[in-house]
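# Structure at a glance
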Amino acid sequence: MTGKSPQASRLWRPAFRLWPWLGVWLLVSAVVWNGVFDILVTRGVKEYLYRQADHELGRGPRVTMHEIMDQTVRDAAVTASLWALLVGGAGAVTVLRLSRPRSPAGH
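Reference entry: report on the structure contained in this document. Predicted, not measured: the structure shown is a model, and the values here were computed from it. (Residues numbered from 1 in each chain as written. Predicted model: local features only at pLDDT ≥ 70, side-chain atom pairs only at ≥ 80, totals over all residues. Heavy atoms only, no water.)

Across soluble globular proteins, nonpolar side chains show a tendency to be buried alongside one another. V41, Y48, V63, I68, M69 and A76 form the largest nonpolar core, which has six residues in total. Breaking this core down by element, the ones donating at least two residues are α1 (6-56) and α2 (65-98). When near neighbours in sequence (up to four residues on either side) are disregarded, I68 contacts G44, E47, Y48 and R51. (Core = buried A, V, L, I, M, F, W, Y, C linked by side-chain atoms within 4.5 Å. Buried < 20%, exposed > 50% of the residue type's maximum accessible area, 1.4 Å probe, protein only. Helix = DSSP H or I, 4+ residues; strand = E, 2+ residues; numbered from the N terminus. Contact = heavy atoms within 4.5 Å.)

Below, the structure is given as structure tokens:
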């Protein structure tokens, strides 16, 4: 005997079935984070290039990549984290809600 009660086994069995699905949503969250971060950093690079071109044409002040990208990377990390948390949280809630035992119809 392992010392575990049959009732404890019945409680843990459904939890072990959830881990793969929660892992899928964790992976989806990581993909969302990387995608959003990449898009926003790319926008920051374009912003720098536009401002630099304006400066070279005499239509704007001189800017450095450091000035633009520091704030861009910070904002991109925060925004990507919020989106990943939203997507991962929604997925986790969905998995947990769908894994609940169903009550008999009509009750």
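Positionally, S29 belongs in helix α1. Beyond its immediate chain neighbours, meaning those up to four positions away, S29 contacts A84, V87 and G88.

Before going further, it helps to spend a moment on the pattern of salt bridges. Considering all chains together, one arrives at one salt bridge under this definition. When the shortest N-O distance is used, the salt bridge between R51 and E47 registers 2.8 Å. Placement of both R51 and E47 in helix α1 is noted, with a separation of four residues, approximately one turn of the helix. In this structure E47 comes out as partly exposed when scored by relative accessible area, which is 35%. (Salt bridge = Lys/Arg side-chain N within 4 Å of Asp/Glu carboxyl O.)

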